[in-house]
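Listed below are the residues making up each chain.
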Amino acid sequence: MNGASVPALRLDVRVRNGGDGLMVARQEHVYELDVVASFIWRRIDGVHSVADIGTALAGEYGIDPDEATADVAEALEPLLADGLITVKD
Amino acid sequence: MIDLDRIMPELVRHHLLPATYQCVFVAGSLIRGWGNETSDVDIYIVTDSPWQSGSADPRPVQLRNGLVPAEIHHLAGRRWDIEYWHAEQVDELLEKVGWEDVNRGGAAARQMSWLENDFLERVSYGVALAGQSYLAELARRREASAFRSLMVARALDYLDLSTEDATGQLDSDDVESAVIAAKLAFGSAVDALLASHGEFGNNEKWRARRMRVVTPKELSFEDYWSVETMRDFDPATPRSWVEQVLARCNRIATEVVV
């Protein structure tokens, strides 16, 4: 996955909003997302790239865009591995 | 649409009012201003002792005393539907949706019947004809309970089931079934959203009315109505419609706080 990759949610992913963060799941894979990971999750729409989400994250938290993009890619890797998202390169 | 002052005398005249009771209230579509000429008058009487009558129709509920007697009465061409809830049943119902039970797993709360949902929904806007303070206390206890969270969670569970159906059907090229499942998923997503804003209800025929009442920021009425009426559905590309609807359901579920 790189900055140009475009993530999309699988249609059969389950989501619960507990107020502080999201719980997302597909089949037997369950993730409790913290506030930052929930911010990233909400921007996965099959249109915006990893770099786009990184830019938004950088703006929200006042961090370097390149670093933020790397953080986004790192956060998405396990979700991709467990089939909660797909990625178009 | 209905003269509330006529109800108590009419109940007395036809021996439909017990000797003692905690509360009598009217609810349903007529009270919400959604009724029409064919709408029933829904009357609830909370009794001190079980209602005994040869004409009562016992309706099942998931409580220790598992029956709520109901009488049907007609006046001036309108049907009155009168349910007699024993005060002990009401207390048990509120315990069932209490946080204590829900935090233990909420097994009892998951067994709620249609009648129980209706009763709890209606205490918040019902109009008391007698026992106003009792009804106000009922509404307060329900608001303090886990009822809202339970209704949101139940709708999201239904959403998950329909979504799973729709995606499985798409995978097996059963696209017509997937369209129906996606429509069901969307209805559940909207119900979850409405429940999170305090609008509950068993009957989907009032969903548009409830959307008008809530006007949730997460979904405009126009967007809701577009999917509800399948405005963008193209018979030539049903798969695309299903995918768009499921994606929208997912966005709604993301914003609904359980």
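Computed from a predicted structure; not experimentally measured.

Rules used throughout
Residues numbered from 1 in each chain as written. Chains lettered and ligands numbered in written order. Predicted model: local features only at pLDDT ≥ 70, side-chain atom pairs only at ≥ 80, totals over all residues. Heavy atoms only, no water. Helix = DSSP H or I, 4+ residues; strand = E, 2+ residues; numbered from the N terminus. Rg over C-alpha atoms; globule rule 2.2 N^0.38 Å. Buried < 20%, exposed > 50% of the residue type's maximum accessible area, 1.4 Å probe, protein only. Axes fitted to C-alpha atoms, helices over the stretch in contact; angles between N-to-C directions. Parallel < 35°, antiparallel > 145°, perpendicular 65-115°, else oblique. Left-handed = near helix turned anticlockwise from the far one by under 90°. Contact = heavy atoms within 4.5 Å. Nonpolar A, V, L, I, M, F, W, Y, C, P; charged D, E, K, R; others polar. Patch = residues over 30% accessible without salt bridge, like charges linked within 9 Å, V, L, I, M, F, W, Y side chains within 5 Å. Areas by Shrake-Rupley, 256 points an atom, 1.4 Å probe, with all protein chains shown as cover. Salt bridge = Lys/Arg side-chain N within 4 Å of Asp/Glu carboxyl O. Domains from an automatic or database assignment. Buried area = accessible area lost by both parts, 1.4 Å probe.

Undergrad: Teacher, can you tell me more about the overall build of chain A here?
TA: When helices and strands are tallied, chain A shows three helices and five strands. Going residue by residue from the N terminus, the α and β elements of chain A occur as β-β-β-β-α-α-α-β. Rg of the C-alpha trace for chain A: 12 Å, near the compact-globule value of 12 Å for 89 residues, within the 12% margin. Along the longest, intermediate and shortest principal axes, the C-alpha atoms of chain A span 35 × 30 × 20 Å. Out of the 89 residues belonging to chain A, those deemed buried represent 40%.

Undergrad: So what exactly am I meant to see when it comes to the packing of helix H8 (residues 175-196) of chain B against helix H10 (residues 221-228) of chain B here?
TA: The description of two helices packed together rests on the angle between their axes and the distance between the axes. Residues and elements named next belong to chain B. H10 packs onto H8 with a crossing angle of 150° between their chain directions and a minimal axis gap of 10 Å. It follows that H8 is roughly antiparallel to H10 by the angle criterion. With respect to the hand of their crossing, H8 and H10 are arranged in left-handed fashion. From H8, Lys 183, Phe 186 and Val 190 reach across to H10, where they touch Tyr 224, Val 227 and Glu 228. The class makeup of the residues in the contact of H8 with H10 is four nonpolar, no polar and two charged.

Undergrad: Before we go on, may I ask you to explain a nonpolar patch on the surface in this structure?
TA: Taken together, the side chains of Val 35, Val 36, Tyr 61 and Ile 63 of chain A define a hydrophobic patch exposed on the protein surface, amounting to about 300 Å² of accessible area. The topology assignment puts Val 35 of chain A in helix H1 (residues 35-42).

Undergrad: Sorry if this is basic, but what is going on with the domain arrangement of chain B here?
TA: Accessible area lost when the parts come together is the quantity often used to give the size of an interface. All names here are of chain B. Taken domain by domain, chain B holds domain 1 (4-145) and domain 2 (148-255). Taking only C-alpha atoms, the centre of domain 1 and the centre of domain 2 are 30 Å apart. Contacts between domain 1 and domain 2 engage 15 residues on the former and 14 residues on the latter. With both sides pooled, the region where domain 1 packs onto domain 2 buries about 1300 Å², and carbon together with sulfur makes up 56% of that total. Where domain 1 touches domain 2, the interface holds three salt bridges. Where Glu 199 meets Arg 32, a salt bridge forms, and the shortest distance between an N and an O atom there is 2.7 Å. Counting only elements with at least two residues in the side of domain 1 that touches domain 2, the list comes to helix H2 (29-32), helix H4 (99-103), helix H5 (114-122) and helix H6 (132-144). Examining the composition of the side of domain 1 that touches domain 2, we find that four residues originate from one element, H5, more than from any other.

Undergrad: When you look at the side chain of Ser 162 of chain B in this model, what are you seeing that I'm missing?
TA: Here Ser 162 of chain B lies in helix H7 (residues 147-171). Setting aside residues no more than four positions away along its own chain, Ser 162 of chain B makes contact with Ala 181, Leu 184 and Ala 185 of chain B.

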